[in-house]
Number of protein chains: 2
Amino acid sequence: MSEPSELAVRAEKLDAADELAAKRSEFILNDVVYLDGNSLGALPAAVPGRMEDVVRRQWGSLRIRSWDESGWWTAPERIGDRIAPLVGAAPGQIVVGDSTSVDVFKALVAAVRMARETDAGRDEIVVDATTFPTDGYIAGSAARMTGCTLRPVAPAEVPGVLSGRTAAVLLNHVDYRTGRLHDLPALTAAVHAAGAVAVWDLCHSAGALPVGLDEHGVDLAVGCTYKYLNGGPGSPAYLYVRRELQDRFDSPLPGWNSHAEPFGMRSDYEAAPGAVRGRVGTPDILSMLALEAALEVWDGVSIDAVRAKSLALTDFFLECVRAYVPPGTVDSLTPAAHGERGSQIALRCADAGDVMKRLIAAGVVGDFRPPDVLRFGFTPLYVGFGDVERAARVLAEVVA
Amino acid sequence: MSEPSELAVRAEKLDAADELAAKRSEFILNDVVYLDGNSLGALPAAVPGRMEDVVRRQWGSLRIRSWDESGWWTAPERIGDRIAPLVGAAPGQIVVGDSTSVDVFKALVAAVRMARETDAGRDEIVVDATTFPTDGYIAGSAARMTGCTLRPVAPAEVPGVLSGRTAAVLLNHVDYRTGRLHDLPALTAAVHAAGAVAVWDLCHSAGALPVGLDEHGVDLAVGCTYKYLNGGPGSPAYLYVRRELQDRFDSPLPGWNSHAEPFGMRSDYEAAPGAVRGRVGTPDILSMLALEAALEVWDGVSIDAVRAKSLALTDFFLECVRAYVPPGTVDSLTPAAHGERGSQIALRCADAGDVMKRLIAAGVVGDFRPPDVLRFGFTPLYVGFGDVERAARVLAEVVA
């Protein structure tokens, strides 16, 4: 057996000093280095038992009574309140439900309607041109259905295109491909200065770094729960509506769950007060309660500690890659500056699709994003420094 | 012990002759008479084990690989094809996903767009005035966002209000409150004669009686899966788009899952061919695969046999109520004619809310719909004639 490398020794020390290390035991892990938690988070250990109870007792035995007795009916807002501290929101502003795409549609249409209350002439939706595609497609539909023009621009160019015509701006907090962290406070302020409404997509930031929705005056936000929040495959998304805007939130999807009196079975629609107004139809209980169990891993976790470890992990990964991988083989697309980095590293690499297949076969799971990107996500709750060193070492073997 | 009544003896004989009786063993039942399967179906026995596998192995161990290896990605259309024969549809026309409310929105907006392709002046959406409220609320939003007027009318009056202005008509196959079955073939033909698009809500009919979507030329349909299809609380809804109309289905929710090349990550939207065009965002896998396991109870079941038993159950219930409950105490809102009856009986009753509470306490579960309706649903796969006789007997005791 060869001498452990200096980096392997460093990894061991970093793991020993990691205040989040104990959290690993709250996940079901195996011998794979799992760096794809930015696509699908690992399974929290609390989930299987909870699902067994939800299926067998709540559904199988209590059946319809569970809508009250097991708290099914109020799950969207209760779980929203569990997510709230992770994104810097006071309670009562988040509901869980539907997919991210559907929540983007609600948020953008409502944003345009809000902007037009004071200035009916606003007719542009500005969208991050580098966004995960679904946001752009849905923004296109929201624009079409509200009589707006869609204007895709790079996030850095947003301040320059804002005008009295801008109704709403949809931006990603962290770019899904490059891992670039955008300046949410400054961009939100610029949107507000133009009199427009700011909608943020938090899919790639929530659970990995502080968001500060309340602090930075964000109007509306959406996010998925299956990445850094570990809610399970396709688990429901969430919608944040800033408290001061809730009375003005005019949903394009006013389903019965958002009614002021849902069981009154009234033919006239009256929107409920509060975040509940963002609900639509009957909530997807099995997925939602799996998410609720998954969120228990956040008990006692400080999001600042998560951010500190995330940066340490990505720094260490870049260092190990530099040490192990021959120069010129890979090239990081992710900004080096901490203030511009999310919790993933994107490496441009020749034959990236094939390289990722070989990495996965060798027990290091990331993902491939066309045309040439290897994407590695670092979930601070269950990824350790030893994993990081191993991943870089295996990458070097694979590209050799 | 008193002599069993003549009706109890009849119930025993009917159960002994019931060709669907063996299906009961495929559900987790208890000593409650469960007549609320039209709200939340009972738990199929196959579900708990499947969920355990989905959570522990597919998510917990295979993780991201399950999108391919466990068939997660194709679940919406695969499960749609499993529902298809139950509603008289050939494969390739149904996708599962989102809530009924969201699917109603997709269907109605797409219907208006289709109608306007040949006649841009069509500007009315006709909706069943007695509908479950969410359909009306969503139809109102679809009308507002497409520049239409919403026209609520009783289903029987629909043919009289159709005109060259009608773009789309949204109707319920079975009324959620009264259990009245509407004439889908005749109403669809009337909508078509006016040049409009017919959208049917199958929530209270699918799994209880033949629907015949293909046969009767229905254009678009939606339904939930947690009633007679037993998919679990808030399980995903489905959307039917008639094959000939799929190329013209222009979704207001064009999420990345409906893209022709979803992993191409292209910024321009190009709709996929086929029913997949009705998908939106990442499908809710846990709920969806619970539904898939739940649908296995339909193996070898003829929907005609289900309909025959359903009518026999509701007939027998009405007979037992007449025999046991003092005249004048309850009054059926559900049509006596088989051709106008779904799979539920709605009884108008003084103090219905309180009566239902006492029924539930006595082990007979139905539900209460304001202001004065006791609603009893009969799921032929697990409700027996002995249950029916007992329910009527307990009702007589409770109202006495």
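Residues numbered from 1 in each chain as written. Chains lettered and ligands numbered in written order. Predicted model: local features only at pLDDT ≥ 70, side-chain atom pairs only at ≥ 80, totals over all residues. Heavy atoms only, no water.

As annotated in an unreviewed UniProt entry, chain A carries the name Kynureninase and is attributed to Streptomyces cynarae. According to its UniProt record, chain A has this under Cofactor (unreviewed entry): "pyridoxal 5'-phosphate". As its UniProt record puts it under Sequence similarities (unreviewed entry), chain A is described as follows: "Belongs to the kynureninase family." (UniProt positions renumbered as here; feature names shortened; annotations may be inferred.)

Novice: In this structure, what is going on with the side chain of histidine 204 of chain A? I would like to understand it.
Specialist: Residue and element names in this part refer to chain A. Turning to its location among the elements, histidine 204 is positioned in the loop between strand E8 (197-201) and strand E9 (220-223). With relative accessibility at 6%, the residue histidine 204 sits in the buried group. Apart from residues lying up to four places away in sequence, histidine 204 is in contact with Asn38, Val174, Tyr176, Lys227, Tyr228, Gln344 and Arg375. (Helix = DSSP H or I, 4+ residues; strand = E, 2+ residues; numbered from the N terminus. Buried < 20%, exposed > 50% of the residue type's maximum accessible area, 1.4 Å probe, protein only. Contact = heavy atoms within 4.5 Å.)

Novice: Even after reading the chapter, I still don't get the pattern of salt bridges, so can you show me in this structure?
Specialist: Note on pairing: side chains with opposite charge can pair once their charged atoms come close. Residues and elements named next belong to chain B. Applying the stated criterion across every chain yields a total of 64 salt bridges over all chains. Its salt-bridge partner being arginine 10, residue glutamate 319 comes within 3.1 Å of it at the nearest N-O pair. Of this pair, glutamate 319 sits in helix H10 (residues 303-324) while arginine 10 is found in helix H1 (residues 6-17), placing the two residues 309 residues apart along the sequence. Here aspartate 18 ties to lysine 309 by a salt bridge, and the two come within 2.6 Å at their closest N and O atoms. Remark: lysine 309 occurs in helix H10 and aspartate 18 occurs in the loop between H1 and strand E1 (27-28); sequence separation between them is 291 residues. (Salt bridge = Lys/Arg side-chain N within 4 Å of Asp/Glu carboxyl O.)

Novice: Would you explain the pairing of E9 of chain A in this entry?
Specialist: One face of the sheet, then the other: side chains in a regular strand alternate in exactly this way. All names here are of chain A. Of the two faces of E9, the one lined by Leu220 and Val222 and the one lined by Ala221 and Gly223 are each fully buried. Of the strand pairs in this sheet, E8 and E9 are connected by three bridges, and their pairing is parallel. Within the sheet, the bridge partner assigned to valine 199 lies in E9 and is leucine 220. (Pairing = 2+ DSSP bridges.)

Novice: For this particular structure, what's the right way to read the interface of chain A and chain B?
Specialist: As a measure of interface size, the accessible area lost when the parts come together is often cited. Facing 75 residues of chain A, the contacting portion of chain B comprises 75 residues. Counting each side, the surface lost to burial between chain A and chain B is near 6,100 Å², with a carbon and sulfur contribution of 65%. On the chain A side of the contact with chain B, Trp59, Arg63 and Tyr137 of chain A bury the most area, a combined 14% of that side's loss. At the surface where chain A touches chain B, the tally comes to two salt bridges. Arginine 144 of chain A serves as the salt-bridge partner of aspartate 250 of chain B, at 2.5 Å between the closest nitrogen and oxygen. Across the chain A-chain B interface, the total number found is 21 residue pairs in polar contact (both at pLDDT 80 or more). (Buried area = accessible area lost by both parts, 1.4 Å probe. Polar contact = N/O pair within 3.5 Å; in protein donor to acceptor, adjacent residues only side chain to side chain.)

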